[in-house]
Amino acid sequence: QKEEKQASPPQRRTVSFHSLHIREYDQILGDHPCCTEGPPLSLGWNYRHTPISVLLDEYENSRPPRRTRHKLRMGGDTRRNILITAAICDKAPNVTQEDVKRD
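Residues numbered from 1 in each chain as written. Predicted model: local features only at pLDDT ≥ 70, side-chain atom pairs only at ≥ 80, totals over all residues. Heavy atoms only, no water.

### Examining the pattern of salt bridges
And then number 1: This structure, assessed with the given rule, holds three salt bridges.
And then number 2: Note that D77 is salt-bridged to R80, the shortest N-O span being 3.0 Å. Of the two residues, D77 and R80 both sit in helix α3 (residues 76-88), three residues apart, roughly one turn of that helix.
And then number 3: When its relative accessible area of 53% is taken as the criterion, D77 is described as exposed.
And then number 4: Of the residues examined, R80 reaches a relative accessible area of 17% and is grouped as buried. (Salt bridge = Lys/Arg side-chain N within 4 Å of Asp/Glu carboxyl O. Helix = DSSP H or I, 4+ residues; strand = E, 2+ residues; numbered from the N terminus. Buried < 20%, exposed > 50% of the residue type's maximum accessible area, 1.4 Å probe, protein only.)

Given below as structure tokens:
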């Protein structure tokens, strides 16, 4: 006669986080085909080598409210200004004024 094994209750597994390490990447001229107004933006490969470290609770208490999908979209002028600022600050030395003026 075989002994019937009773299934043990499932173990409760939890995950928790203590801090965030935020890495900031350069914003560069992109090539997104759906960008119909102004220059498209992309994230470059270069990033700041010193990440920003923040406690998770501190981040959650100080961050602005979540934005709606509509508010996440940037207009062409906003993207153009980001690229101009990046070029002026030498963050994106390969971006020319002609690239930024592209519509």
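### Brief notes about the packing of aromatic side chains
Where two aromatic rings form a pair, the distance of their centres and the angle of their planes describe that pair.
And then number 1: Applying the stated criterion across every chain, the model contains one aromatic pair.
And then number 2: One residue, R23, lies across the ring of Y47, its end atom 4.0 Å from the ring centre. (Phe/Tyr/Trp six-rings, centres within 6.5 Å; stacked < 30°, edge-to-face > 60°. Lys NZ or Arg CZ within 6 Å of the ring centre and 35° of its normal.)

### Section: the confidence of the model for the chain
And then number 1: When pLDDT is averaged along the chain, the result is 81, and 80% of the positions lie at 70 or above.
And then number 2: Least confident of the elements in the chain is helix α4 (residues 97-101), whose mean pLDDT is 52; most confident is helix α1 (residues 56-62), at 93. (pLDDT = per-residue confidence, 0-100.)

### Overview of a nonpolar patch on the surface
And then number 1: A contiguous nonpolar patch, built from I22, I52 and Y59 and spanning about 220 Å² of accessible area, is present on the exposed surface.
And then number 2: Tracing the backbone shows I52 in strand β4 (residues 52-55). (Patch = residues over 30% accessible without salt bridge, like charges linked within 9 Å, V, L, I, M, F, W, Y side chains within 5 Å. Areas by Shrake-Rupley, 256 points an atom, 1.4 Å probe, with all protein chains shown as cover.)

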